[in-house]
Amino acid sequence: MRTFAYHRAASVDDAVAAVSADPETLYLAGGTNLVDLMKLGVRRPRVLVDISHLPLNHLTHHADGGAVIGATATNAVVAGDPLIRRNFPVLSESILAGASGQLRNSATMAGNLLQKTRCAYFQDVSKPCNKRAPGSGCPAGTGAHRDLGILGVSSSCIATQPSDMAVALSVLDATVHLRNATTERAVALQDFYVPPGNTPDRDTVVEHGELITEISLPALPAGAVTRYHKVRDRWSYAFAVVSVGAAVVLDDDGRIEQARIAWGGVAPRPWRASIAEAELRHHKPSRQLLERALRAELRHATPLPQNAFKVDLVREVTAALLTDLVRTAEDRKVTR
Ligand code: SF4
C-alpha cells in the first residue's frame, strides 16, 4: 500500500480546493470501498481529504413528499429513516440488501454511488484491465465473466456497477448535486454513469475535484407502490447476480399508468428498462404483456456464455416483482 498523507478538511471549500489542486488527492468519507482498493494497490492516492465530519449529512423531507439527502448521510441512517421507509420503500429496501450492518454504518450516500466494480480482474493489479490500466486489455470476455454485464457493455469492458442503492435511485428519478470551486450543477441519476465505450476507466460524469453535495428525490406519484428485489449467491454480504427495483401506478381502470423498472447486476449503470416501461404504459397488466415488454427490453442484451443465464433470470424476477406490485396497487385501490 502506498504511503499517503491525511488532511482533515476545515470546510467544504477547503476540501474542494485541496482535491482540485492535485490529481493524486481524493476525498475520504466512509472509506468502505476506497480503503479496500488502496490495500489492494488499485487506488494509490497521495493525499486523502477527510470530509466525513463536514455538514453534508442532512436528510430533509419536503411537504410535497420529496426529500433531499446529504452526500455523507450514512446508508444506515437513510435506510432506517421512518419517512424514507414510508415514502420511498424501494430505497430503504435496496440499501438494506447491500453489504453488512457494520458497513452501512460507515458507508455514505455519495460513496455508495461512486463505488467501483467488483470485477475480479479490476481488483487484481497483476492482471490487465482497461478500467484500471487503460489500454491494457480486458481478460474478462474470455475469462471469468459470470457476474459481469449483459446490457450497455462494450468490447473494452463488460463490468457492472455494483450499487444496490443506485438501482433504487434510478427508479426514483433522483438527481445528484455536485459542486467544484466555482460552480454547482445537477445531474439526473440516469446521466450520472458513463457508458464504457472505449474509455471504461471513467465510471461517472464527476470531474476530478467535484464534490457530490446531496441527492434529491422528487415525490412519487400518488398511489405508487415500489419494491426492490435482489438475487444473490448467498443471503447476506453479497453483490447482486441480478436485482430489480420497480414502481407501479395504476389508473382508475386498473391500467398501468406508469411502470418504472431498473436493473442491477446487468450493466455498467443501473439499467432503466425504458423500452419495457413504454410497452406497459396504458395497458391492462397481464403475464403475456409483461413477458412481451421484458423480452423487448432484453432483445438488446449481449450475453456471453457464463452470464447468458442472466437474461432469463432478470426477466423472470422482474415479471414476478411487477405482478406482485400490481396486486398490491389493486388491493390498495380497493381498501381506499
Ligand atoms: Fe477490467 Fe472491465 Fe474487463 Fe473487468 S470487464 S477486466 S473491469 S476492463
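Residues numbered from 1 in each chain as written. Predicted model: local features only at pLDDT ≥ 70, side-chain atom pairs only at ≥ 80, totals over all residues. Heavy atoms only, no water.

A. Expanded view of the overall build of the protein. Secondary structure assignment for the protein yields twelve helices and twelve strands. Against the compact-globule benchmark of 20 Å for 336 residues, the protein has a radius of gyration of 20 Å, which places it among compact chains. Dimensions of the protein, computed from C-alpha atoms along their principal axes, come out at roughly 60 × 50 × 35 Å. Here the protein holds 336 residues, and the buried ones make up 51% of them. Within the protein, contacts between residues separated by at least 24 positions form 63% of all contacts whose residues are at least 6 apart in sequence. Measuring between centres, the 38 positive side-chain charges of the protein sit 4 Å from its 34 negative side-chain charges. (Helix = DSSP H or I, 4+ residues; strand = E, 2+ residues; numbered from the N terminus. Rg over C-alpha atoms; globule rule 2.2 N^0.38 Å. Buried < 20%, exposed > 50% of the residue type's maximum accessible area, 1.4 Å probe, protein only. Contact = heavy atoms within 4.5 Å. Lys, Arg positive; Asp, Glu negative; His and termini not counted. Charge placed at Lys NZ, Arg CZ, Asp CG, Glu CD.)

B. Representation of the site of the ligand within the structure. Near the ligand, the surroundings consist of 13 residues, among which C119, C129, C138, C157 and I158 are the closest. For the shell around the ligand, the residue count by class is ten nonpolar, two polar and one charged. (Near = heavy atom within 4 Å. Nonpolar A, V, L, I, M, F, W, Y, C, P; charged D, E, K, R; others polar.)

C. Quick peek at the packing of helix α11 (residues 287–298) against helix α12 (residues 309–335). The interhelical angle for the contact between α11 and α12, taken along N-to-C directions, is 140°, at an axis separation of 10 Å. In this view, α11 runs oblique relative to α12, as classed from their interaxial angle. Crossing of α11 over α12 shows right-handed handedness. Contacts from R287, L290, E291, L294, R295 and L298 in α11 reach V311, V314, R315, E316, T318, A319, A320, L322 and T323 in α12. A per-class count over the contact of α11 with α12 returns eight nonpolar, two polar and five charged. (Axes fitted to C-alpha atoms, helices over the stretch in contact; angles between N-to-C directions. Parallel < 35°, antiparallel > 145°, perpendicular 65-115°, else oblique. Left-handed = near helix turned anticlockwise from the far one by under 90°.)

D. Here's a closer look at the pattern of salt bridges. If you walk through the whole model with that rule in mind, you get 22 salt bridges. Between R46 and D22 there is a salt bridge; the shortest N-O distance is 2.6 Å. Separated by 24 residues along the polypeptide, R46 in the loop between α2 (34–40) and β3 (47–50) and D22 in the loop between α1 (12–20) and β2 (25–28) bring together distant segments of the chain. A relative accessible area of 41% places R46 in the partly exposed class. One salt bridge connects R295 with E291, and the closest N-O pair in it is separated by 3.1 Å. Placement of both R295 and E291 in helix α11 is noted, with a separation of four residues, approximately one turn of the helix. A cluster of three or more residues bridged by salt bridges with shared partners is formed by R287, E291, R295, D312, R315 and E316. (Salt bridge = Lys/Arg side-chain N within 4 Å of Asp/Glu carboxyl O.)

E. Here's a closer look at the pairing of strand β8 (residues 211–217). Across the seven residues of β8, six count as buried, placing the element largely inside the fold. Sheet topology note: the strand β5 (residues 67–70)/β8 ladder contains four bridges and is antiparallel. Looking at β8, one finds that G70 is bridged to E214. One ladder, built from five bridges, connects strand β6 (residues 175–179) with β8; its direction is antiparallel. What sits directly across from H177, in β8, is E214. (Pairing = 2+ DSSP bridges.)

F. Spatial organisation of the packing of aromatic side chains. Summed over all chains, the structure comprises one aromatic pair. Seen from their ring centres, F192 and Y193 are 5.1 Å apart, and the 90° between their planes marks the pair as edge-to-face. Here F192 and Y193 have matching classes, each one buried. Of note, R232 hangs over the ring of W235, and the distance from its end group to the ring centre comes to 5.1 Å. (Phe/Tyr/Trp six-rings, centres within 6.5 Å; stacked < 30°, edge-to-face > 60°. Lys NZ or Arg CZ within 6 Å of the ring centre and 35° of its normal.)

G. Structural detail: the packing of helix α5 (residues 89–96) against helix α8 (residues 164–171). Running from amino to carboxyl end, α5 crosses α8 at an angle of 170°, the nearest separation of the two axes being 8 Å. Comparing their axes, α8 and α5 come out roughly antiparallel. When α5 is examined against α8, the residues V90, L91, S94 and I95 are found in contact with a partner set consisting of D164, M165, A168 and L169. A class-by-class count of the residues in the contact of α5 with α8 yields six nonpolar, one polar and one charged.

H. Representation of the domain arrangement of the protein. Under the domain assignment, the protein is made up of domain 1 (1–55) and domain 2 (225–335). Centre-to-centre, using C-alpha coordinates, domain 1 lies 37 Å away from domain 2. (Domains from an automatic or database assignment.)

I. Spotlight on the sheet that holds strand β11 (residues 256–264). Pairing within the open sheet is antiparallel, and its four strands lie in the order β9-β10-β11-β12. The open sheet has two edge strands with one neighbour each: β9 (225–231) and β12 (271–272). By the bridge criterion, eight bridges tie strand β10 (residues 242–250) to β11 in an arrangement that is antiparallel. The residue of β11 that forms the bridge with S243 is G264.

J. Spatial organisation of α1. Residues of α1 that are buried include every one of V12, A15, V16 and V19, and no others. Looking down the long axis of α1, one finds its buried residues gathered within 95° of arc, a one-sided arrangement. Elements in contact with the buried residues of α1: β2, β3, β6 and β8. (Arc of directions from axis to C-beta.)

K. Seen up close, the nonpolar core. Formed by 40 residues in total, the largest nonpolar core has its most connected members in L91, L113, L169, F192 and L217. Among the elements that line this core, the one with the most residues is α8, at six residues. With 33 residues, the next largest nonpolar core counts A259, I261, A276 and L290 among its residues. (Core = buried A, V, L, I, M, F, W, Y, C linked by side-chain atoms within 4.5 Å.)

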